Amino acid sequence: MKALLKLIGYMFIGICVGILCVGPVIALIEGESLSTVYQTIISRFSLTDVAEIAWMLLAALIAFILNIVLHEGGHLVAGLLTGYRFVSFRFLNFTLINKEGRLRWRNFELAGTGGQCLMAPPDRPIDQIDTRWYNAGGVLANILIAAVSLLLYWLIDLPSWLNVLLLIMAIINFLTALTNGIPMKIGGVANDGLNLFQLEKDPASKQCFCNILDVNARSQEGQSYKDMPDHLFAMPQPIDWKNSMHVAAVLLSATRMMDFHQWENAYQLLTTALSHKDDYMKLYLWEVKNLMTQVCIITGRDDEARQHYTEDIAKYVTQHASTQSDKQLTGMAVALALEGDRPKAESLLHKLENDRDKFIHQGDVAMSLDLMHWLLDHHQAQ
């Protein structure tokens, strides 16, 4: 919902800026005063003009929402057709999950994403799993919707308000197809087009991709990391720190080490990850620092934890605490060790215990609660 409100706000600001910028240009051309130009612009706006602008804004909002749903729906259809199993479908924070064979609504937030369709890969050898159609599905859906919208706009005599919606739909879906289909990195993340080619050319990245999907599905079903098969947490050798799949595999491996209480192993791995922090995207850096804050507190390195738990990490943790249990673990650990507030830490533990069924990844919840109890029993203030 916040993303939608931001979009509306940006559109409104864009219109205001456009009017403000065009005024001086008209004044210069016409030789009129700036105040006279603005009075003329305002006087020419009728209620019909206002209604048309309002509809254009609303149509853009509708097209934006449909674009996300249809793009992720394309991934879903392509995945189902190639043997993947449905796990979750997210639009903004609204997430539809498969829980014990039934569809349920949950909330989940992931910075930098408007939606996401996650599926479990087929139970086949890696060379028999096709990742191309799954990655191409969203782009193909956008191309199809853009083409259908333009055909309806050109070939059928429709009301003007509907034509506006169709034209905006065509533009937004076409742009989405381009930005997702042309192989590139956006914010350090490989888009669908780049994944489509890279995963087939690099077996290690393809294995990471399938492992990530598999671990996500198992965690959602309540399986803890330490109970999952070892091969799902194998890290590629050597690690390409500029490859988002490789870095995601490192994060999974570090998390599993923590589930096994292998604190020093996790600390060493995360230290290595931080030494390559300039090679991967900011979201992964936040995740590394979040885990490092936990590990440092667990191992009694409170002073180092303070260095990792910076203002931007605190903001990131707070933003995602309502939908990601490991962020609640971080908040609890910080309250106990860095703030010296044991009652607050105990309160956060009890809150997670009471709210555990609201979270999507039950495997994460189990690990977070285990580490919270361990901290209350073992942490010594520094």
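Residues numbered from 1 in each chain as written. Predicted model: local features only at pLDDT ≥ 70, side-chain atom pairs only at ≥ 80, totals over all residues. Heavy atoms only, no water.

## As for the nonpolar core
Worth spelling out the cut-off: By nonpolar core we mean a set of buried residues, namely Ala, Val, Leu, Ile, Met, Phe, Trp, Tyr and Cys, connected to one another through side-chain atoms within 4.5 Å. Each residue's exposure class comes from its accessible area (1.4 Å probe, protein chains only) as a fraction of the maximum for that residue type: buried when under 20%, exposed when over 50%, partly exposed otherwise. Secondary structure elements are defined from DSSP: runs of H or I of at least 4 residues count as helices, runs of E of at least 2 residues count as strands, and each element is numbered from the N terminus. Contacts are assigned to residue pairs that have any heavy atoms within 4.5 Å of one another.
By size, the foremost hydrophobic cluster in this structure holds 58 residues, and its most contacted members are Met258, Tyr280, Ile297 and Leu375. Only α8 (244-259), α9 (263-274), α10 (282-298), α12 (311-320), α13 (325-338), α14 (342-355) and α15 (362-378) provide two or more residues apiece to this core. The element contributing the most residues to this core is α10, with ten residues. The residues contacting Tyr280, other than those within four sequence positions of it, are Trp241, Val247, Ala273, Leu274, Leu285 and Val288. One finds Leu76, Phe89, Ile129 and Cys210 within the second-largest nonpolar core, a separate group that totals 16 residues.

## Looking at the confidence of the model for the protein chain
Here is the rule: The predictor's confidence in any single residue is recorded as pLDDT, a number from 0 to 100.
Averaged over every residue, the pLDDT of the protein chain is 85; residues scoring 70 or more account for 84%. Here helix α1 (residues 2-30) is the element of the protein chain with the lowest mean pLDDT, 55, and α9 is the one with the highest, 97.

## Topic: the sheet that holds strand β4 (residues 115-120)
Strand pairing in a sheet takes place through backbone hydrogen bonds and is either antiparallel or parallel in direction. We count it as follows: Paired strands, as defined in this entry, are two strands with at least two bridges between them according to DSSP. Note on definitions: angles span 0 to 180 degrees between N-to-C directions of axes, and those axes are lines fitted to C-alpha atoms, for helices only across the stretch in contact.
Spatially, β3-β2-β1-β4 is the arrangement adopted by the four strands of the open sheet, whose pairing is antiparallel. Each edge of the open sheet carries a strand with a single partner, namely β3 (102-107) and β4. With strand direction ignored, the average angle separating the axes of adjacent strands in the sheet is 20°. Alignment of strand β2 (residues 94-99) against β3, held across six bridges, turns out to be antiparallel. Residue pairing across strands places Phe94 opposite Asn107, the latter belonging to β3.

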